[in-house]
Amino acid sequence: LQMLSSLNQAIEGHDPEQLEAIIAPVDLDDEMYLRVQLRAADSVLAESDKPLDLSADLEMEVDDVRDALRNLGLSRLSVALRFDADGAPREVRPLA
């Protein structure tokens, strides 16, 4: 819920149709998280990380986040292989 709250605040004042959300795992201090990066064109508006249980099904975790983002009005959703150490998404592709 904290993830959605912070992303919802970042969406305010923007047309959700013009925003893109990228979902991917990220390694922070040897802990894995599922990150959502909210972008307007080439600018990052917000990022939110959710602890990722390594025994969890990553596809199901991504599907849950995708559904929640759609409920916020976002339709341009992508997944990436990962976020690198600089926070840039790698191997981005549209999420069906």
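Calculation criteria
- Residues numbered from 1 in each chain as written.
- Predicted model: local features only at pLDDT ≥ 70, side-chain atom pairs only at ≥ 80, totals over all residues.
- Heavy atoms only, no water.
- Phe/Tyr/Trp six-rings, centres within 6.5 Å; stacked < 30°, edge-to-face > 60°.
- Lys NZ or Arg CZ within 6 Å of the ring centre and 35° of its normal.
- Core = buried A, V, L, I, M, F, W, Y, C linked by side-chain atoms within 4.5 Å.
- Buried < 20%, exposed > 50% of the residue type's maximum accessible area, 1.4 Å probe, protein only.
- Helix = DSSP H or I, 4+ residues; strand = E, 2+ residues; numbered from the N terminus.
- Pairing = 2+ DSSP bridges.
- Contact = heavy atoms within 4.5 Å.
- Axes fitted to C-alpha atoms, helices over the stretch in contact; angles between N-to-C directions.
- Polar contact = N/O pair within 3.5 Å; in protein donor to acceptor, adjacent residues only side chain to side chain.

1. Some details on the packing of aromatic side chains
What the rule picks out here adds up to zero aromatic pairs. Cation over ring: Arg35 sits above Phe83, and NZ or CZ is 5.5 Å from the ring centre.

2. Regarding the nonpolar core
Formed by 19 residues in total, the largest nonpolar core has its most connected members in Ile23, Val36, Leu38, Leu69 and Leu74. Put simply, the parts of the chain that give this core at least two residues each are helix H1 (2–11), strand E1 (19–28), strand E2 (31–40), helix H2 (58–71) and strand E4 (76–79). Per element, the largest residue contribution to this core is four residues, and it comes from H1. In this structure, Ile22, Ala24, Ala80 and Phe83 belong to the second largest nonpolar core, which totals five residues.

3. Side note on the sheet that holds strand E3 (residues 43–51)
Ordered by their spatial adjacency, five strands build an open sheet running E3-E2-E1-E4-E7, and the pairing between neighbours is mixed. Looking at strand neighbours, the two that pair on one side only are E3 and strand E7 (93–94), the edges of this open sheet. As paired elements, E1 and E2 share ten bridges and run antiparallel to each other. Paired with Ala21 across the two strands is Leu38, which belongs to E2. The strands touched by H1 within the sheet are E1, E2 and E3, with E3 carrying the most contacts at an inclination of about 170 degrees.

4. Some remarks on unusual backbone geometry
Notably, Asp30 is not glycine yet its phi reads approximately 65 degrees, a positive angle. Within the fold, Asp30 resides in the loop between E1 and E2. On the basis of relative accessible area, Asp30 is assigned to the exposed category, the value being 72%. Unlike most non-glycine residues, Ala41 shows phi in positive territory, near 55 degrees. Structurally, Ala41 can be placed in the loop between E2 and E3.

5. A short note on the environment of Glu17
Checked against the element boundaries, Glu17 lands in the loop between H1 and E1. Considered as a pair, Glu17 and Leu28 are eleven residues apart in the sequence and their alpha carbons are 30 Å apart. Excluding residues within four positions of it along the chain, Glu17 makes contact with Gly73, Ser75 and Arg76. A polar side-chain atom of Glu17 sits 3.2 Å from a polar atom in the side chain of Ser75.

6. Some thoughts on the pairing of E1
Judged by how many residues are buried, E1 sits mostly within the fold: eight of ten residues are covered. What sits between E1 and E2 in their antiparallel hairpin is a turn of two residues, with Asp29 showing a positive phi close to 50 degrees. Pairing of E1 with E4 involves four bridges; the strand directions are parallel. When the bridges of E4 are listed, Glu20 appears paired with Arg76.

On their own, these measurements won't tell you what the molecule is for.
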